[in-house]
Amino acid sequence: SVLLVLPESQIILSPKRRTRMNKTDVMEKIYLEYREKVFRYVRGKVRNLANAEDVTSEIFWRVQTALDSYDEEKSTLSTWIYTITHNTVCNYYRERSKRALSLDENALCADTDDGVMSEIENEILKENLAIALETLTEREQDIIVLYYYHEIPLRDIAIKMGITYTNAKFIKHNAIAKLRLAMKN
């Protein structure tokens, strides 16, 4: 019988027992085991405490929603949860940048002169930039969003991402080149 082992814990659930157990009980065990690790990861990526808590809640909601699809033969539980965590943080920044780049209707209605056309052109440019950002790898997106939108120094980003400062500069430079090319097209 294949066992589901939660790393660094005493929680062991066989697939047979997992199906008999209440999903809430399984989720509670997972939450208790991983809440601190997940929150520390999120807090390292999301500066605002309230937003970090919201993202962490969303992560565990996603874990609970997808728990039936978890396959221990494909990955360990910790890897599966880390993947959900990473993707949720990336989605948080994508949504945040989309909101920041969305058309501000109130400003548009208040402005009735030639500034309206300039505002529309700026919004179109921002929308194109958001689309271009999606062509980057996740690592490139992370660096661009953290550096330009959150104004985090590149040295701090490198430390948080576990890469050298030189590598972070290289990734940022290549990402900008890709964005310029995507914006031309």
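Every chain is numbered on its own, with residues counted from 1 as its sequence reads. The predicted origin of the model limits local features to residues at a pLDDT of at least 70 and limits the giving and counting of side-chain atom pairs to 80 or more, whereas totals for whole chains, interfaces and linings rest on all residues. Heavy atoms from the whole structure form the basis of all side-chain values; hydrogens and water molecules are not counted.

**Q** Sorry if this is basic, but what is going on with the overall build of the protein chain here?
**A** Broken down by element type, the protein chain carries nine helices and two strands. Going residue by residue from the N terminus, the α and β elements of the protein chain occur as β-β-α-α-α-α-α-α-α-α-α. Of the contacts formed within the protein chain by residues at least 6 apart in sequence, a portion of 60% connects residues at least 24 apart. Only the protein chains shown count as cover for residues, with accessible areas throughout obtained via the Shrake-Rupley method and a probe of 1.4 Å. Accessible surface, the protein chain: about 11800 Å² in total, of which carbon and sulfur atoms supply 52%. Strands are runs of DSSP state E lasting at least 2 residues, helices are runs of H or I lasting at least 4, and numbering of each runs from the N terminus. Whether two residues are in contact is decided by their heavy atoms: any pair within 4.5 Å suffices.

**Q** Which parts of the structure should I look at to understand the nonpolar core?
**A** In globular proteins that are soluble, nonpolar side chains generally tend to be buried together. Ile30, Val42, Val63, Trp80 and Ile81 are the most contacted members of the largest nonpolar core, which has 32 residues in total. Among the secondary structure elements, those contributing two or more residues to this core are α2 (23-45), α3 (49-66), α4 (77-101), α7 (138-149), α8 (154-161) and α9 (165-184). Throughout, nonpolar core names a set of buried Ala, Val, Leu, Ile, Met, Phe, Trp, Tyr and Cys residues whose side chains join them through atoms within 4.5 Å. Here the term buried applies to any residue with accessible area under 20% of the maximum for its type, exposed to any over 50%, and partly exposed to those in between, with areas from a 1.4 Å probe on protein chains only. Of all hydrophobic cores here, the second largest spans seven residues; its members include Ala132, Leu136, Ala175 and Leu179.

**Q** Help me understand α9, please; the structure alone is not making it clear to me.
**A** Structurally, the α-helix is built with 3.6 residues per turn, so residues lying three or four positions apart point the same way. Each residue after the first adds 1.5 Å to the expected span of a helix. The end-to-end C-alpha distance of α9, which contains 20 residues, comes to 29 Å, matching closely the 28 Å that a straight helix rising 1.5 Å per residue would cover. The set of residues buried in α9 consists of Ala168, Ile171, Lys172, Ala175, Ile176 and Leu179. Projected down its long axis, α9 carries its buried residues within an arc of 135°, all on one side. Among the exposed residues of α9, those oriented more than 90 degrees off its buried face are Thr166, Phe170, His173, Arg180, Leu181 and Lys184. Here the arc refers to the set of directions running from the helix axis out to each C-beta atom.

**Q** Even after reading the chapter, I still don't get unusual backbone geometry, so can you show me in this structure?
**A** A positive phi angle, close to 55°, is found at Glu151, a residue other than glycine. When you line up the elements, Glu151 lands in the loop between α7 and α8.

**Q** Help me understand the side chain of His150 in this model?
**A** With respect to the element layout, His150 can be found in the loop between α7 and α8. Setting aside residues no more than four positions away along its own chain, His150 makes contact with Arg47, Tyr93, Arg96 and Val145.

**Q** Which parts of the structure should I look at to understand the packing of aromatic side chains?
**A** Only the six-membered ring of Trp is used, alongside the rings of Phe and Tyr, when aromatic pairs are assigned; centres must lie within 6.5 Å, and planes under 30 degrees apart are stacked while those over 60 apart are edge-to-face, with the rest tilted. If you walk through the whole model with that rule in mind, you get five aromatic pairs. Look at Tyr70 and Trp80: their rings are 5.0 Å apart centre to centre, the planes differ by 50°, and that puts the pair in the tilted class. One end of the pair, Tyr70, is in the loop between α3 and α4; the other, Trp80, is in helix α4, with ten residues separating them in the sequence. Grouping residues by exposure puts Tyr70 and Trp80 together as buried. Measuring from ring centre to ring centre gives 4.8 Å for Tyr147 and Tyr148, while their planes differ by 85°; the resulting arrangement is edge-to-face. With relative accessibility at 29%, the residue Tyr147 sits in the partly exposed group.

**Q** Before we go on, may I ask you to explain the confidence of the model for the protein chain in this structure?
**A** Low-confidence regions, as indicated by low pLDDT, have predicted coordinates that should not be scrutinised in detail. Scored between 0 and 100, pLDDT is the confidence that the predictor attaches to each residue. Of the residues in the protein chain, 74% have a pLDDT of 70 or more, and the chain-wide mean is 78. Taken element by element, the predicted model of the protein chain shows its lowest mean pLDDT in strand β1 (residues 4-5) (41) and its highest in α8 (93). The low-confidence segment residues 1-14, where pLDDT is below 50, has 32 contacts with residues more than four positions distant or belonging to other chains. Throughout residues 103-114 the model reports pLDDT below 50, and contacts reaching past four residues in sequence, or to other chains, amount to seven contacts.

**Q** Would you mind going over the side chain of Lys45 with me for this structure?
**A** With respect to the helices and strands, Lys45 occurs in helix α2. Positive residues here are Lys and Arg, negative ones are Asp and Glu, while His and the chain termini are left out of the count. Just to be clear on terms, a salt bridge is a Lys or Arg side-chain nitrogen sitting within 4 Å of an Asp or Glu carboxyl oxygen. Among buried Asp, Glu, Lys and Arg side chains, Lys45 stands out as unpaired, with Asp142 the closest opposite charge at 4.7 Å. Aside from chain neighbours lying at most four places away, what touches Lys45 is Val89, Tyr93, Leu146, Lys160 and Met161.

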